[in-house]
Amino acid sequence: MELIQDTADLSAYLAADDVIDHHHPVVRETAARLAAEASDSYDYARAAYEFVRDAIPHSQDSGDLRVTWRASDVLALGTGICYAKSHALAALLRAEDIPAALCYQRLGDDEGGHAVHGLVAVRFRGAWHRQDPRGNKPGVDARFSLDGERLAWTPDPASHEVDYPLLYAAPHPAVLAALRAAPDRPHLWRTLPDRL
């Protein structure tokens, strides 16, 4: 699948905003700690990915009812769903001048419907590479890779699942609206977008 930037301006994928707030002290401190142990930008990107994937539990897996959406809150509180964890990873990458985009899949849910799943794409070697920081669990083994995707799930077109090709510089409005409006994770689960 060809990944398509929603804006041609690569600097948009380095920008800070209210969600990907990589200027925030919590993000800067986390990035500095990870960078101190990295040998180069690729090593840093892998370390940032593994930190978000492994050290910040997916709130559904951990049973945490809090809803986070701002990158700094995800890092400070140590919880988030796929979207929030993607925001945190994008912020950590951008904090070290590595272009990062948000991207999405439409996947089947446990109740016979669909939900939009959030990912990150990182730019290395002149190309975008999708990564899934959701967090591993039985049946999910996502890995950082620039040589072929190692995502949590592969959409099944026969089940009306979709890989969306657009790479967003900012969170999709439907995703952000659902996160901001949810008082807790159970409410969020009922209001997740089912398509973009």
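Worth saying up front: this structure is predicted, and the values here are computed from it rather than measured.

(A) Representation of the side chain of Thr 30 within the structure. Structurally, Thr 30 is set in helix α1 (residues 25–36). Given a relative accessible area of 7%, Thr 30 falls into the buried group. Contacts of Thr 30, omitting those with residues within four sequence positions, involve Phe 51, Leu 75 and Leu 92.

(B) Quick peek at the environment of His 58. Within the element layout of this structure, His 58 appears in the loop between α2 (41–55) and α3 (59–62). Measuring from C-alpha to C-alpha, the distance between His 58 and Arg 70 comes to 15 Å, with 12 residues separating the pair along the chain. In this structure, His 58 is in contact with Gly 80, Ile 81, Cys 82, Lys 85, Arg 134 and Trp 189, ignoring residues within four places of it in sequence.

(C) Just the sheet that holds strand β4 (residues 127–131), in detail. Read across the open sheet, the four strands follow the order β4-β3-β2-β5; overall the sheet is antiparallel. Each of the sheet's edge strands pairs with one partner strand only, and the pair in question is β4 and β5 (162–163). Taken together, the nine bridges between strand β2 (residues 100–108) and strand β3 (residues 114–124) define a ladder with antiparallel strand orientation. For Cys 103, the partnering residue across the bridge sits in β3 and is Leu 119.

(D) Molecular detail of α2. The end-to-end C-alpha separation of α2 is 20 Å, in line with the 21 Å expected for 15 residues at 1.5 Å each. Taken together, the buried positions of α2 are Asp 43, Tyr 44, Ala 45, Ala 47, Ala 48, Tyr 49, Val 52 and Arg 53. Against the buried residues of α2 lie α1, α5 (82–95), β3 and β4. Where α2 starts, the residue carrying a side-chain oxygen 3.3 Å from the main-chain nitrogen of Tyr 42 turns out to be Asp 40.

(E) Expanded view of the packing of α1 against α2. Between α1 and α2, whose axes approach to 9 Å, the crossing angle comes to 125 degrees. Between α1 and α2, the angle falls in the class oblique. α2 is crossed by α1, and the crossing has right-handed handedness. For the pair α1 and α2, contact is made by Thr 30, Ala 31, Arg 33, Leu 34 and Ala 35 and by Tyr 44, Ala 47, Ala 48 and Phe 51, respectively. Residues of the contact of α1 with α2, tallied by class, amount to seven nonpolar, one polar and one charged.

(F) Summary view of unusual backbone geometry. Even without a glycine there, the phi angle at Asp 97 is positive, about 60 degrees. Here Asp 97 lies in the loop between α5 and β2. A positive phi angle, near 65 degrees, is found at His 160, a position not held by glycine. Along the chain, the position of His 160 falls in the loop between β4 and β5.

(G) Highlighting the environment of His 172. Mapped onto the secondary structure, His 172 falls in the loop between β6 (166–167) and α6 (173–181). Sequence-wise, His 172 and Ala 15 are 157 residues apart; in three dimensions their C-alpha atoms are separated by 15 Å. Once residues within four sequence positions are removed from consideration, His 172 is found in contact with Tyr 104 and Leu 196.

(H) Fine view of the pattern of salt bridges. Here the structure, examined in full by the defined rule, presents 14 salt bridges. As a salt-bridge pair, Arg 53 and Asp 54 come within 2.6 Å of each other at their nearest N and O atoms. Residue classification places Arg 53 among the buried positions, given a relative accessible area of 9%. For the salt bridge of Glu 149 with Arg 130, the shortest nitrogen-to-oxygen distance reads 2.6 Å. Of this pair, Glu 149 sits in the loop between β4 and β5 while Arg 130 is found in strand β4, placing the two residues 19 residues apart along the sequence. Overall, the relative accessible area of 2% leaves Arg 130 in the buried class. Taken together, the salt bridges that share partners define one network made up of Asp 18, Arg 70, Asp 73 and Arg 180.

Procedures and definitions
- Residues numbered from 1 in each chain as written.
- Predicted model: local features only at pLDDT ≥ 70, side-chain atom pairs only at ≥ 80, totals over all residues.
- Heavy atoms only, no water.
- Helix = DSSP H or I, 4+ residues; strand = E, 2+ residues; numbered from the N terminus.
- Buried < 20%, exposed > 50% of the residue type's maximum accessible area, 1.4 Å probe, protein only.
- Contact = heavy atoms within 4.5 Å.
- Pairing = 2+ DSSP bridges.
- Expected span 1.5 Å × (residues − 1).
- Polar contact = N/O pair within 3.5 Å; in protein donor to acceptor, adjacent residues only side chain to side chain.
- Axes fitted to C-alpha atoms, helices over the stretch in contact; angles between N-to-C directions.
- Parallel < 35°, antiparallel > 145°, perpendicular 65-115°, else oblique.
- Left-handed = near helix turned anticlockwise from the far one by under 90°.
- Nonpolar A, V, L, I, M, F, W, Y, C, P; charged D, E, K, R; others polar.
- Salt bridge = Lys/Arg side-chain N within 4 Å of Asp/Glu carboxyl O.

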